[in-house]
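The chain contents come next:
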Amino acid sequence: MATTDHDYYELLGIGRDASEAEIKRAFRRLARELHPDVSEALDADERFREVVEAYEVLSKTETRDLYDRYGHAGLRSGGFQAGHVDFGSLADLFSAFFGDDVLLGGRARSGRARGADLAATVEIDLVEAAHGVTREVPFEAAVTCARCRGDGAEPDSEITTCATCSGTGRLQQVTRSVFGEFVRTQTCPTCSGSGRRVEKPCTECRGAGRVVEERTLEVEVPPGIHHGQRIRLSGAGHAGLPGGPAGDVYVEVRIRPDERFVREGDDIYATVDLTFTQAALGATLAVPTLDGEEDLELPAGTQPGEIVVLRGRGMPLLQGQGRGDQRILVNVLVPRRLTDEQRRLLREFDEHADEATYGKAEGGLFDKLKSAFR
């Protein structure tokens, strides 16, 4: 145990009711701060050892329960000993702080590196988004050099093992502490992690193993896609090194605004303008839909703000079957300029109109707004 029986909760700076996630966060913060390879404090090694010990006790249910009930004496009677820390349970945490292979030697990375991903964009109309479309997307990508096949060396020239890292592509620094050996690993600066030395670089790619070229891919945009969604094209990105697998291309779809429609989820909203006489007498008008114009019959007495719903005429569902709805808001146009004769006729109409002419309004404006979003 520790030379002095410090309170483990105080060491980690947490309460006795701390959750498992809070314990882990506290340990990560302190380990990053107190690790002997990072901290310049004279007592960093001792404090780091105490923090690791505290985490080892509090991160396990059985030892935490024993400590909560009987303190350090209970841990001693239960057989817990300082220095017998299970580094295997901590390896995932340390790798987040200091990189791969920090604890107990580890194994150096090997193999071919995957290429980087690429981002591209494509712009389409709302109607195209409704029905789906295929578009060609141009972009620049690094591809494997045809001359050297990704090796970066002239054909028939020699490729030797890097003398700095002995072909591993990585350099290791070992630090000894009371807990054993800590191994910190970094990419070899001589060969940039490839583990090889090219004696005669390829004249086509100048030793890079890749060349940049303009590419064009056909992208199938599915019906119902939303603005800002991305389509993944596997293996179409930058080529890997040396000759490793290519990355992916992520194509962001941007949908141009359509002055006729407003999209809300999978529903489409539009408006139709009626003169006040058309609204009073009824009319049949051509209205735009995602499938083309369609005749819409509006009955006599259609009121301003009414919502006409065309079921199944909205956007296709991207996942699943069916379509949303198209909701059409009726806008009644009131004349702004009248001739003397028109004013006379309207006054004559008003003189002959009564309550029965207009009837009782069904629902107020609030009810009409609610119906638009049902």
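As a convention, each chain's residues are numbered from 1 in the sequence order in which they are written. Owing to the predicted nature of the model, reporting of local features is limited to residues with pLDDT of at least 70; listing and counting of side-chain atom pairs is limited to 80 or more, with chain, interface and lining totals taken over all residues. Processing note: side-chain calculations cover all non-hydrogen atoms of the structure and skip hydrogens and water entirely.

Once that is clear, we can look at the overall build of the chain. Summing up its helical and strand segments, the chain has 10 helices and 15 strands in all. Taking all contacts inside the chain whose residues are at least 6 apart in sequence as the whole, residues at least 24 apart take part in 64%. Element-wise, carbon and sulfur atoms account for 47% of the exposed surface of the chain, whose accessible area totals about 22,700 Å². The way it works is that DSSP assigns letters per residue, a run of H or I at least four long becomes a helix, a run of E at least two long becomes a strand, and they are numbered from the N terminus. The contact criterion used throughout is that any non-hydrogen atoms of two residues lie within 4.5 Å. Calculation of accessible area relied on Shrake-Rupley with a 1.4 Å probe; when residues are assessed, cover is drawn exclusively from the protein chains displayed.

It is worth spelling out the nonpolar core at this point. Definition of nonpolar core: a set of buried residues of the types Ala, Val, Leu, Ile, Met, Phe, Trp, Tyr and Cys, connected through side-chain atoms within 4.5 Å. The buried label goes to any residue with under 20% of its type's maximum accessible area, the exposed label to any with over 50%, and the partly exposed label to all in between, with areas taken from a 1.4 Å probe on protein chains only. Counting 27 residues, the largest nonpolar core has Ile 124, Val 221, Ile 231, Leu 233, Val 249, Val 251 and Val 253 as its most contacted members. Elements with a minimum of two residues in this core: strand S1 (118-124), helix H6 (126-131), strand S2 (133-144), strand S7 (210-221), strand S8 (230-233), strand S9 (249-255) and strand S11 (267-275). Not counting the four nearest positions on each side in its chain, Val 221 is found in contact with Ile 124, Gly 132, Val 133, Ile 231 and Val 253. Core analysis: the second largest hydrophobic core is formed by 20 residues, Ala 26, Leu 34, Phe 48 and Val 51 among them.

Any aromatic ring pair is given by two values, namely how distant the centres are and how the planes are angled relative to each other. Only Phe, Tyr and Trp rings take part, Trp by its six-membered ring, and two of them pair if their centres are within 6.5 Å. Stacked means planes under 30 degrees apart, edge-to-face means over 60, and tilted covers everything else. According to the stated counting rule, one finds three aromatic pairs in the structure shown. Between Tyr 8 and Tyr 67, the ring centres sit 4.8 Å apart and the planes meet at 40°, which makes this aromatic pair tilted. With Tyr 8 in helix H1 (residues 8-12) and Tyr 67 in helix H4 (residues 61-77), the pair connects residues that are 59 residues apart, well separated along the chain. Pair check on accessibility: Tyr 8 and Tyr 67 agree, each one buried.

This part covers the sheet that holds S1. In this scheme, strands are said to pair when DSSP sees at least two bridges between them. Strand order in the open sheet formed by three strands is S1-S9-S8, with mixed pairing between adjacent strands. At either margin of the open sheet sits one strand with a lone partner, and together these are S1 and S8. Recorded for the sheet is a direction-independent mean angle of 25° between the axes of neighbouring strands. As defined by bridge partners, S8 adjoins S9 across four bridges and the pair is classed as antiparallel. Bridge pairing in S9 places Ile 231 opposite Val 251. In this analysis an axis means a line fitted to C-alpha atoms, helices contributing only their contacting stretch, and an angle means the value between N-to-C directions, from 0 to 180 degrees.

The strand order across the open sheet built from four strands is S10-S11-S15-S14, with neighbouring strands paired in mixed fashion. The open sheet has two free edges, formed respectively by strand S10 (262-264) and strand S14 (307-310), since each of these has just one partner strand. Within this sheet the neighbouring strands show an average axis-to-axis angle of 30°, counted without direction. Examined bridge by bridge, S10 and S11 share three bridges and lie antiparallel to one another. Residue pairing across strands places Arg 263 opposite Ile 268, the latter belonging to S11.

With that settled, the discussion passes to the pairing of S11. Counting the residues that bridge the hairpin from S10 to S11 gives two residues, and of these Gly 265 lies at a positive phi of roughly 70°. By the bridge criterion, eight bridges tie S11 to strand S15 (residues 326-333) in an arrangement that is parallel. Considered in S15, the bridge of Ala 270 is made with Ile 328.

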